[in-house]
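One letter stands for each residue in the lines below.
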Amino acid sequence: MLADIEPVNRESTAAIIARQLRDAIMTGSLPPGTQLGETELAARFQVSRGPLREAMQRLVSEGLLRSERHRGLFVIDLEPGDVYDIYSARSAVERAAATRVVRSGDRERVAGILDEAVEAMAHADEQDDPTALTEADLRFHEALIEASGSRRLARMARTLLIETRMCLSALQNTYSKNYQGVDERVTEHNKIIEALRAGDEESMLALLEAHMDDAVQRLAPGTSLHSGAAPGLTRDGVDLA
């Protein structure tokens with residue numbers, strides 16, 4: 001009966017390295033602009049350069065590392081065009097997920113999960129723990145996308161949420177500078193939950209888009225998802241606009 005079942009493959013060395021580098025980029029241990037040296041990383045991971053190069057190429061393909069000729073690989077810097085691009089794509093993905101969720105018969109269960117994430121955000125603020133606050137914020141959006149039941153939306157969101165994690169520390173600073181604390185972020189998320197519970201699709205989508213646009217305007221002043229041209233993206237220092 002078990003003749004057709006193949007042995008389970010262990011996670012490859014390259015996949016493990018890629019995951020650890022991805023986590024380091026996401027948490028800021030490898031900040032934007034950091035150059036990745038093969039010799040140092042190979043020694044730290046205690047691996048040969050082959051799987052290390054494979055891992056780093058995976059992150060290049062995911063858009064988390066950039067390659068500069070004759071210089072090597074660097075963690076991406078998020079310019080205004082990148083911020084706009086990330087949140088524009090997130091808006092499209094999360095609006096699609098929200099549409100599926102609000103039309104389902106599972107709204108109350110999903111709202112309960114989202115409530116827990118918002119409560120965690122408020123608790124993290126009380127404890128003055130920006131890392132926990134960021135994780136709770138991301139958990140809210142991950143839970144919304146997962147609740148849609150779409151594997152494809154979840155897959156598209158994965159890299160976007162890693163890049164979002166890179167933005168959230170800077171976003172936290174904009175709230176602090178404007179003396180608004182985290183209350184406004186908590187309120188924005190709670191309004192989304194209220195619209196979900198009410199089955200108000202139009203309001204939920206509008207609130208999500210406003211939430212994304214607010215982040216864009218804070219991180220890239222003068223830029224909006226709702227008006228004006230999208231800022232140009234750059235590739236290896238060349239303006240693509």
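How each quantity is defined
- Residues numbered from 1 in each chain as written.
- Predicted model: local features only at pLDDT ≥ 70, side-chain atom pairs only at ≥ 80, totals over all residues.
- Heavy atoms only, no water.
- Helix = DSSP H or I, 4+ residues; strand = E, 2+ residues; numbered from the N terminus.
- Buried < 20%, exposed > 50% of the residue type's maximum accessible area, 1.4 Å probe, protein only.
- Contact = heavy atoms within 4.5 Å.
- Areas by Shrake-Rupley, 256 points an atom, 1.4 Å probe, with all protein chains shown as cover.
- Salt bridge = Lys/Arg side-chain N within 4 Å of Asp/Glu carboxyl O.
- Pairing = 2+ DSSP bridges.

Asks: I keep staring at the overall build of the chain and nothing clicks. Help me out?
Replies: The helix and strand inventory of the chain stands at 9 helices and 5 strands. When the helices and strands of the chain are placed in sequence order, the string is α-β-α-α-β-β-α-α-α-α-α-α-β-β. In the chain, which comprises 241 residues, the proportion classed as buried is 40%. Excluding contacts between residues fewer than 6 apart, the proportion of contacts in the chain whose partners are at least 24 apart in sequence is 69%. Accessible surface, the chain: about 13,500 Å² in total, of which carbon and sulfur atoms supply 47%.

Asks: I keep staring at the pattern of salt bridges and nothing clicks. Help me out?
Replies: Once the charged atoms of two side chains with opposite charge are near each other, the side chains can pair. One pass over the full model with this rule turns up 18 salt bridges. Between Arg-109 and Asp-106 there is a salt bridge, and its shortest N-O distance comes to 2.7 Å. Linking Asp-214 and Arg-218 is a salt bridge whose minimum nitrogen-to-oxygen distance equals 2.8 Å. On the criterion of helical spacing, the pair formed by Asp-214 and Arg-218 is a turn pair, its members being 4 residues apart in helix 9 (residues 201-219). Given a relative accessible area of 15%, Arg-218 falls into the buried group.

Asks: Is there a simple way to think about the pairing of strand 3 (residues 72-75) in this case?
Replies: Strand residues, when the strand is regular, have side chains that alternate between the two faces of the sheet. Both strand 1 (residues 35-36) and strand 3 contribute to a ladder of 2 bridges, which runs antiparallel. The residue bridging Leu-36 from the neighbouring strand is Leu-73, located in strand 3. Note that strand 2 (residues 65-68) and strand 3 share 4 bridges and pair antiparallel. Paired with Glu-68 across the two strands is Gly-72, which belongs to strand 3. Connecting strand 2 to the next strand, strand 3, in antiparallel fashion are 3 residues, including His-70 with a positive phi near 70°.

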